[in-house]
Every structure is written in structure tokens, then in C-alpha cells.
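As a plain string of letters, each chain reads:
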Amino acid sequence: MRELTGQDEMAFLDRPPGGVHTRLAGLAAAVEGAVPAALAGLDLAAWEDRLLGLRARLLGRRIEAEAQCPSCGARVALIFSADDLPREPATEAAGLGPLHLGDLLALEAEGLTGEAGLAALLAAATRTPRAAAADRLAGPDRAALVAALETRAAGLGLELGTACTDCATAMTVPFDIARF
């Protein structure tokens, strides 16, 4: 992997069309000397693992974040090492195949969100047409399907356990490495 250049940073910050995964795939490809399309085949756990490695390489292993306590509203500092995060994929979701970075890139390219985005993800996870996936989402097993999709889309399923420093409320904070 080569060092990040100012040109790489500008390419990332210029906000090319697409969303966060599109920009991160471009940055990862530039730094690793790969083709963004080659990254599209990564399942989401492998993609998040790749992002953690990229972040550690470019910014260091120390991660500093902040969460808000749901009980008292206090801001809680979270400081940890990228090495402390698990690298195992989230649990399997019955009946759904894996989701890949390419599935997220397609969502971003088409600007799909909400119901259309859910139908596209379900279609990708079941390898069925979007119309059939949308019909399934409108059916009685919607809640189970959405829960299964959330599990599939969780990648590494990173969550941080901590407690509020003001009121001692236990907290579980999801950690989305791509957004972070």
C-alpha cells in the first residue's frame, strides 16, 4: 500500500457522485493501487475490515469518538484502538445470501433510499428481481425480512459497550466505520 497523497485527499473531498462507500472505495483503490471494481466483490465484513486497515494506515490505530448518553444526555468520550475491534462477520441471516460492497455502490449510484433501497438490498441478498423483493416486503413477514437484512448489512456488526461517566447508565453504541 502506498502513502496517501494530497491528490488522493482532494479526490476524496471533492465528493464525486455517489455516497460514502463510493468515495471510500475510490480512496481505498487509490491508496492500494487497485481498481474500485475489484473491491465491489468484497462482502460487507471484508469491506469493513479493509476500511479499518485503511484508517489505521492513514490516520493511526487510535480512534477517538463521542457518544451521547440516552439517559442524561451527557457526552461520553470513546477512545480505543482499531486493534481492539472484532474482525468476525455478523451472524448469518437465515434465507439471505451475503451482501457485497457492490450492492451498496449500486444503491448509491441509483440514489436509492427508503423502501426502494430495502427492496434493492433484499433483491441482492436473495438474487431475485426487485419487484419480487418489494412484494415480499409488503407481505406479513416484513419485520423478519427487515431484521434479517439489518443482520446482513451489519458487516462486522461493530458495537462498543461503555457506561456514561455522569450517570453510569450502560450503553451499547453501534460503530459504523464507513461513516466514521
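Residues numbered from 1 in each chain as written. Predicted model: local features only at pLDDT ≥ 70, side-chain atom pairs only at ≥ 80, totals over all residues. Heavy atoms only, no water.

## Some thoughts on the overall build of the chain
Here is step 1 of the chain: Scanning the chain from terminus to terminus reveals 8 helices and 4 strands.
Here is step 2 of the chain: Seen in sequence order, the chain has helices and strands lined up from the N terminus as α-α-α-α-β-β-α-α-α-α-β-β.
Here is step 3 of the chain: Residue burial in the chain is summarised as follows: out of 180 residues, 39% are buried.
Here is step 4 of the chain: Restricting the contact set of the chain to residue pairs at least 6 apart, pairs at least 24 apart contribute 59%.
Here is step 5 of the chain: Total accessible area computed for the chain in this model is approximately 9,800 Å², and 55% of it derives from carbon and sulfur atoms. (Helix = DSSP H or I, 4+ residues; strand = E, 2+ residues; numbered from the N terminus. Buried < 20%, exposed > 50% of the residue type's maximum accessible area, 1.4 Å probe, protein only. Contact = heavy atoms within 4.5 Å. Areas by Shrake-Rupley, 256 points an atom, 1.4 Å probe, with all protein chains shown as cover.)

## Some thoughts on unusual backbone geometry
Most peptide bonds take the trans form, and the phi angle of most residues other than glycine is negative.
Here is step 1 of the chain: Backbone geometry places arginine 127, a non-glycine residue, at a positive phi of 55°.
Here is step 2 of the chain: Structurally, arginine 127 can be placed in the loop between helix H6 (114-126) and helix H7 (130-137).
Here is step 3 of the chain: Here arginine 127 falls in the exposed class, since its relative accessible area comes to 55%.

## Considerations on the packing of aromatic side chains
Here is step 1 of the chain: By the definition in use, this model includes 2 aromatic pairs.
Here is step 2 of the chain: A ring pair is formed by phenylalanine 80 and phenylalanine 175, whose centres lie 5.6 Å apart and whose planes are at 85°; its orientation type is edge-to-face. Taken together, the residues phenylalanine 80 in strand E2 (residues 75-81) and phenylalanine 175 in the segment after strand E4 (170-174) connect sequence positions 95 residues apart.
Here is step 3 of the chain: The buried category is assigned to phenylalanine 175, whose relative accessible area is 8%.
Here is step 4 of the chain: Ring centres of phenylalanine 175 and phenylalanine 180 lie 5.2 Å apart, and the angle between their planes is 50°; this geometry places the pair in the tilted category.
Here is step 5 of the chain: Among the aromatic residues, those joined into a cluster by ring pairs are Phe80, Phe175 and Phe180. (Phe/Tyr/Trp six-rings, centres within 6.5 Å; stacked < 30°, edge-to-face > 60°.)

## Here's the deal with the pairing of E2
Here is step 1 of the chain: Summarising the sheet, strand E1 (residues 62-68) and E2 pair through 7 bridges and their orientation is antiparallel. Residue alanine 67 lies in a different strand from E2, and its bridge partner there is valine 76. (Pairing = 2+ DSSP bridges.)

## Comments concerning helix H2 (residues 20-32)
Here is step 1 of the chain: Its 13 residues give H2 an end-to-end C-alpha distance of 18 Å, which sits within 8% of 18 Å, the value for a rise of 1.5 Å per residue.
Here is step 2 of the chain: Listing the buried residues of H2 in full gives Val20, His21, Arg23, Leu24, Ala25, Leu27, Ala28, Ala29 and Val31.
Here is step 3 of the chain: One or two positions beyond H2, positive phi appears at glycine 33, with a value near 70°. (Expected span 1.5 Å × (residues − 1).)

## Some remarks on the nonpolar core
Here is step 1 of the chain: Among the nonpolar cores identified, the biggest contains 35 residues, and Leu39, Trp47, Leu78, Phe80, Leu85, Met171 and Phe175 are the most heavily contacted of them.
Here is step 2 of the chain: Within the residue set of this core, elements represented by two or more residues are H2, helix H4 (44-59), E1, E2, helix H5 (101-110) and E4.
Here is step 3 of the chain: With 7 residues, H2 is the largest single contributor of residues to this core.
Here is step 4 of the chain: The next biggest cluster of nonpolar side chains, apart from the first, holds 20 residues, and it includes Ala119, Ala133, Leu145 and Ala148. (Core = buried A, V, L, I, M, F, W, Y, C linked by side-chain atoms within 4.5 Å.)

## Considering the confidence of the model for the chain
Atomic detail in the predicted coordinates should be set aside for any region of low pLDDT.
Here is step 1 of the chain: Averaged over all residues, the pLDDT of the chain is 87; the fraction at 70 or higher stands at 88%.
Here is step 2 of the chain: By mean pLDDT, helix H1 (residues 6-13) is the weakest element of the chain at 56, and H7 is the strongest at 95. (pLDDT = per-residue confidence, 0-100.)

## What to know about the environment of leucine 58
Here is step 1 of the chain: Structurally, leucine 58 can be placed in helix H4.
Here is step 2 of the chain: Sequence spacing of leucine 58 and valine 31 is 27 residues, and the spatial spacing of their C-alpha atoms is 9.3 Å.

## Some points on the pairing of E1
Here is step 1 of the chain: Going residue by residue along E1, you find Ile63, Ala65 and Ala67 tucked away on one face and Arg62, Glu64, Glu66 and Gln68 left uncovered on the opposite face.
Here is step 2 of the chain: What sits between the antiparallel neighbours E1 and E2 is a turn of 6 residues, in which glycine 73 has the positive phi angle 85°.

## A short note on the side chain of histidine 21
Here is step 1 of the chain: With respect to the element layout, histidine 21 can be found in helix H2.
Here is step 2 of the chain: Of the residues examined, histidine 21 reaches a relative accessible area of 14% and is grouped as buried.
Here is step 3 of the chain: In this view, histidine 21 contacts Trp47, Leu101, Leu104, Leu105, Glu108 and Ala178; residues no more than four positions away in its chain are not counted.

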